[in-house]
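Structural description and commentary
So the chains spell out like this:
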Amino acid sequence: MPYPFLSDEWLEEARRIRAEYEGKSVPFPHPVRMNLVVTAVPFGDKSIDAHMDTSTGELVLDLGHLETQDLKVTVDYDTAKAILIEGNPQAGMQAFMAGKIRVEGDMAKLMALQMAPVGGDSSAAEMANRLKEITA
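To keep things clear, this report deals only with the structure shown in the data block. As the structure is a computational prediction, the values presented were derived from the model and not from experiment. (Residues numbered from 1 in each chain as written. Predicted model: local features only at pLDDT ≥ 70, side-chain atom pairs only at ≥ 80, totals over all residues. Heavy atoms only, no water.)

Attention now goes to the overall build of the chain. Helix and strand counts for the chain stand at 5 helices and 5 strands. Ordering the α and β elements of the chain from the N terminus gives α-β-β-β-β-α-α-β-α-α. By its C-alpha atoms, the chain is 35 × 35 × 30 Å across when sized along the principal axes. Expressed as a percentage of the 136 residues in the chain, the buried residues total 38%. Of the contacts made within the chain by residues no fewer than 6 positions apart, 68% connect residues no fewer than 24 positions apart. Only carbon and sulfur atoms are counted for the fraction: they give 54% of the accessible area of the chain, which is about 7800 Å². Separation of charge centres in the chain, based on 13 positive and 21 negative side chains, amounts to 2 Å. (Helix = DSSP H or I, 4+ residues; strand = E, 2+ residues; numbered from the N terminus. Buried < 20%, exposed > 50% of the residue type's maximum accessible area, 1.4 Å probe, protein only. Contact = heavy atoms within 4.5 Å. Areas by Shrake-Rupley, 256 points an atom, 1.4 Å probe, with all protein chains shown as cover. Lys, Arg positive; Asp, Glu negative; His and termini not counted. Charge placed at Lys NZ, Arg CZ, Asp CG, Glu CD.)

See below:
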């Protein structure tokens, strides 16, 4: 059942999981609307336009770009997967320091997102574990 991160099948399953947990997790303390360009994707067109939005209090990750965003981040597939699925902030920091992540816009919003506490939210932890389970 594992699917490649950000594949159509993975996104379908991730949307289903997110719907199960809607309204059950602690709201994100900082609203961030971020467009993502994920490069070096090992399938499809080699890059994916996506977005991450916490403006409703819940984390939404989906395809396409938001018309109004706080920032845009361009990151390679492996780094995006390490940060978003494996929960490895060190991978993100290392990639940023190596120039593998480009940020345009409000860098303070990105920093606030990285500092958001998730440890005490059992629903968010369960959802994150389920997303890991469906990821190849």
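Next comes the rest of the write-up.
Now for the side chain of lysine 81. On the secondary structure map, lysine 81 appears in helix H2 (residues 77–84). Put simply, lysine 81 is tucked away with no salt bridge, and the nearest opposite charge, on glutamate 86, sits 4.9 Å away. Here lysine 81 is in contact with Phe5, Glu86, Thr135 and Ala136, once residues within four sequence places are set aside. (Salt bridge = Lys/Arg side-chain N within 4 Å of Asp/Glu carboxyl O.)

Turning our eyes to something else, we now look at the environment of threonine 54. Mapped onto the elements, threonine 54 comes out in the loop between strand E2 (47–53) and strand E3 (60–63). The class for threonine 54 is buried, based on a relative accessible area of 2%. Taking C-alpha positions, threonine 54 is 20 Å from glutamate 13, a pair spaced 41 residues apart along the chain. With residues near it in sequence (within four places) discarded, threonine 54 still touches Phe28, His30, Pro31, Val32, Leu59 and Leu113.

Before going further, it helps to examine the packing of aromatic side chains. Going through the model one piece at a time under the given rule, you end up with 3 aromatic pairs. Taken together, a centroid distance of 5.8 Å and an interplanar angle of 50° make the contact between phenylalanine 5 and tyrosine 77 tilted. Pair noted here: phenylalanine 5 is in the segment before helix H1 (8–21) and tyrosine 77 is in helix H2, with a separation of 72 residues, a long-range link. For the pair formed by phenylalanine 5 and tyrosine 77, the shared burial category is buried. Residues phenylalanine 43 and tyrosine 77 carry aromatic rings whose centres are separated by 6.1 Å and whose planes lie at 90° to one another, so their mutual orientation is edge-to-face. Here phenylalanine 43, found in the loop between strand E1 (33–39) and E2, pairs with tyrosine 77, found in helix H2; they are 34 residues apart in sequence, far enough to count as distant. The class of tyrosine 77 is buried, set by a relative accessible area of 6%. Three or more aromatic residues link up through ring pairs in this structure, and these residues are Phe5, Trp10, Phe43 and Tyr77. (Phe/Tyr/Trp six-rings, centres within 6.5 Å; stacked < 30°, edge-to-face > 60°.)

So, about the side chain of glutamate 58. Note on placement: glutamate 58 falls in the loop between E2 and E3. One polar contact links the side chain of glutamate 58 to the main-chain amide nitrogen of glycine 23, over a distance of 2.5 Å. (Polar contact = N/O pair within 3.5 Å; in protein donor to acceptor, adjacent residues only side chain to side chain.)

This paragraph deals with the nonpolar core. In this structure, Trp10, Met34, Leu36, Val38 and Val73 are the most contacted members of the largest nonpolar core, which totals 29 residues. Those elements giving two or more residues to this core turn out to be H1, E1, E2, strand E4 (71–76), H2, helix H4 (107–114) and helix H5 (122–133). For this core, the leading source of residues is H1, giving 5 residues. Here tryptophan 10 is in contact with Tyr3, Pro4, Phe5, Leu61, Ile85, Leu131, Ile134 and Thr135, once residues within four sequence places are set aside. (Core = buried A, V, L, I, M, F, W, Y, C linked by side-chain atoms within 4.5 Å.)

Geometry only, nothing functional implied.
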